[in-house]
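Fold and contact review
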Amino acid sequence: MTILVTGAAGFIGSHVSRYLLNRGEQVLGIDNINDYYDVNLKYSRLENLQHENFEFVKVDLADKDRIAELFQSHGIKKWLIWQLRQEFAIHWRTLGHT
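As the structure is a computational prediction, the values presented were derived from the model and not from experiment.

Of all hydrophobic cores here, the largest spans 10 residues; its members are Val-5, Ala-8, Ala-9, Leu-20, Leu-21, Val-27, Ile-33, Leu-46, Leu-49 and Phe-54. Ranked by size, the runner-up nonpolar core spans 8 residues in total, among them Leu-28, Ile-67, Leu-70 and Phe-71.

Attention now goes to a nonpolar patch on the surface. A grouping of Tyr-36, Tyr-37 and Leu-41 is seen on the molecular surface, where their side chains present a nonpolar patch of about 320 Å² in accessible area. Of the residues examined, Leu-41 reaches a relative accessible area of 37% and is grouped as partly exposed.

This paragraph deals with the confidence of the model for the protein. Put simply, the protein has an average pLDDT of 84, and 79% of its residues get 70 or more. Model confidence for the protein, summarised as mean pLDDT per element, is weakest for helix α4 (residues 86-94) at 44 and strongest for strand β3 (residues 54-58) at 98.

Summarising burial for strand β2 (residues 26-31): 5 of the 6 residues are buried, a large majority. What joins strand β1 (residues 2-6) to β2 is helix α1 (residues 11-22), and the crossover it makes is right-handed. Relative to β3, β2 is paired through 5 bridges, and the arrangement is parallel. Following the sheet pairing, Ile-30 is matched in β3 by Val-57. This β-α-β element, β2 to helix α2 (residues 39-48) to β3, shows right-handed connectivity.

A separate point is the sheet that holds β1. Strand order in the open sheet made by the 3 strands is β1-β2-β3, with parallel pairing throughout. Sheet topology places β1 and β3 at the edges, where each strand pairs with a single neighbour. Put simply, the sheet's adjacent strands are angled 20 degrees from each other on average, direction ignored.

Backbone geometry follows two general trends: most residues other than glycine have a negative phi, and most peptide bonds adopt the trans configuration. One non-glycine residue, Ile-33, lies in the positive phi region at around 50 degrees. Positionally, Ile-33 belongs in the loop between β2 and α2.

This part covers the pattern of salt bridges. Within this structure, the stated rule accounts for 2 salt bridges. Where Arg-23 meets Glu-25, a salt bridge forms, and the shortest distance between an N and an O atom there is 2.8 Å. In this structure, Glu-69 engages Arg-66 in a salt bridge whose closest nitrogen and oxygen atoms are separated by 2.6 Å. Taken together, the residues span about one helical turn, with Glu-69 and Arg-66 both in helix α3 (residues 64-73) at a distance of 3 residues. With relative accessibility at 28%, the residue Arg-66 sits in the partly exposed group.

Basis of the calculations
Residues numbered from 1 in each chain as written. Predicted model: local features only at pLDDT ≥ 70, side-chain atom pairs only at ≥ 80, totals over all residues. Heavy atoms only, no water. Core = buried A, V, L, I, M, F, W, Y, C linked by side-chain atoms within 4.5 Å. Buried < 20%, exposed > 50% of the residue type's maximum accessible area, 1.4 Å probe, protein only. Patch = residues over 30% accessible without salt bridge, like charges linked within 9 Å, V, L, I, M, F, W, Y side chains within 5 Å. Areas by Shrake-Rupley, 256 points an atom, 1.4 Å probe, with all protein chains shown as cover. Salt bridge = Lys/Arg side-chain N within 4 Å of Asp/Glu carboxyl O. pLDDT = per-residue confidence, 0-100. Helix = DSSP H or I, 4+ residues; strand = E, 2+ residues; numbered from the N terminus. Right-handed = clockwise from strand over helix to strand, strands pointing away. Pairing = 2+ DSSP bridges. Axes fitted to C-alpha atoms, helices over the stretch in contact; angles between N-to-C directions.

See below:
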């Protein structure tokens, strides 16, 4: 089974990918490598993920046709969308939650 990790070049996505690879999973990492922050850092994280069970595809998640093609070509039939964003954690704390 191939596990799709979105934002694979980001901090969380790269660590999730590494964890899955260490468990022996097959990982398809995608990221659009936008310039929200230093793209060199993103490419450095991807270099650290080089592994026989890791494939990276530069694609924007908003590209529905390309995403559908990746699902088809990798036999992905089930998915779980889990989004953890730093911005959410900051807003949650400003509301008085911990």
